[in-house]
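# Summary of structural features
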Amino acid sequence: MVGPLRRRWYRLGPLLAGLLALSACGHASRAAPPAAGGEAMQVSQGVPRLAPAVADGAAAAPGGPRNAASPAERLVVKTAHLGLSTATPGQVFERALELARELGGYVVTSENRDDESAATLRVPAARFEEAVRRLAELGRVRRRELSGTDVTAEVVDLKIRLDNLERARQRYLELLQRAASVTEALPVQRELERVTTQIEQLRGKANLLQHQVSLSTIYLTVEKKVWPGPLGWVFYWLFRGIG
């Protein structure tokens with residue numbers, strides 16, 4: 001009984017060597033000490049399993065793809081918080097929503113009330129500054145905050161991890177095709193499902209980042225301008241005169 005099982009695994013020898021090479025490359029690219037990453041290949045129930053360095057995707061080496069992007073190629077998630085006040089908040093708010101659509105964007109959420117209205121707008125990143133400027137022209141600016149988050153390194157790392165996981169998935173598929181029995185196939189199938197799940201999760205994260213980079217977010221609030229009463233005007237001019 002031992003002899004046939006050995007012969008079956010000997011037939012998988014060349015493919016296992018490929019898995020070992022892939023794992024060793026991923027482990028080296030992380031530049032982690034052996035004690036942290038463990039062996040390049042771990043055996044679980046008789047089936048080779050990629051070490052965490054490869055299963056989760058290798059990080060970029062110093063001076064490698066992580067730093068390859070030039071300043072013009074940086075991926076930045078842009079966000080703005082804009083607060084306006086006006087005597088006609090309803091009209092200004094509706095005009096702001098129209099403006100977002102005119103610029104090629106769309107309205108994510110909107111709430112129009114008598115005293116204050118709020119909306120979340122998405123506009124193409126290339127027209128982000130134009131959108132903020134034109135929205136600010138619709139009323140008196142009470143708040144304007146612009147921010148950007150550079151996600152270039154995160155996107156590059158996700159791509160590297162996805163590439164490694166795709167190669168690992170292909171190796172497991174080849175192992176599964178060469179399995180000579182259900183006993184040999186089941187452990188490989190489990191590892192294949194685990195890697196496939198990781199690929200789907202990372203793809204979802206990468207797609208979300210790309211969406212946030214291509215479409216900037218503007219959080220807009222429009223409130224009704226409050227006019228002071230007779231007594232309020234007295235104090236207004238009094239303080240203005242003192243100043």
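For every chain, the first residue of the written sequence is number 1, and numbering continues from 1 along that sequence. In keeping with the model being predicted, local features are shown solely for residues with a pLDDT of at least 70 and side-chain atom pairs are shown and tallied solely at 80 or more, while totals for entire chains, interfaces and linings include all residues. Excluding hydrogens and water, the side-chain figures rest on all heavy atoms present in the structure.

### Structural notes on the confidence of the model for the protein chain
- Summary statistics for the protein chain give a mean pLDDT of 77 and a share of 63% for residues scoring 70 or more.
- In this model, residues 51–55 is a region of pLDDT below 50 whose contacts with residues beyond four sequence positions or in other chains number 21 contacts.
- Predicted confidence is poor over residues 59–68, with pLDDT under 50, and the contacts of this stretch with residues over four places away or in other chains come to 15 contacts. Values of pLDDT, the confidence the predictor places in each residue, fall between 0 and 100. The contact criterion used throughout is that any non-hydrogen atoms of two residues lie within 4.5 Å.

### Notes on the nonpolar core
- Within the largest apolar cluster, 20 residues are counted, with the highest numbers of intra-cluster contacts made by L121, V123, F128, L135, I218, L220 and V222.
- Counting from the N terminus, the helices are DSSP H or I runs at least four residues long and the strands are E runs at least two residues long. Only β3 (76–86), α5 (89–102), β5 (116–124), α6 (128–136) and β7 (215–224) provide two or more residues apiece to this core.
- The element contributing the most residues to this core is α5, with six residues.
- Apart from residues lying up to four places away in sequence, V123 is in contact with A100, G105, F128, A131, S214, L215, S216 and I218.
- Think of a nonpolar core as a cluster: buried Ala, Val, Leu, Ile, Met, Phe, Trp, Tyr and Cys residues, connected wherever their side-chain atoms sit within 4.5 Å. Working definition: with a 1.4 Å probe on protein chains only, accessible area under 20% of the residue-type maximum means buried, over 50% means exposed, and in between means partly exposed. Within the second largest apolar cluster, 16 residues are counted, among which are V151, V155, I199 and L209.

### A word on the sheet that holds β5
- The rule for pairing is simple: two strands pair if DSSP sees at least two bridges between them. The strand order across the open sheet formed by five strands is β4-β5-β7-β3-β6, and the pairing between neighbours is mixed. The sheet terminates laterally at β4 (106–111) and β6 (140–150), the two strands that pair on one side only. The mean inter-strand angle of the sheet, taken between neighbouring strand axes irrespective of direction, is 10°.
- With ten bridges connecting them, β3 and β6 associate as antiparallel partners. Bridge pairing in β6 links H81 to E145. In this analysis an axis means a line fitted to C-alpha atoms, helices contributing only their contacting stretch, and an angle means the value between N-to-C directions, from 0 to 180 degrees.

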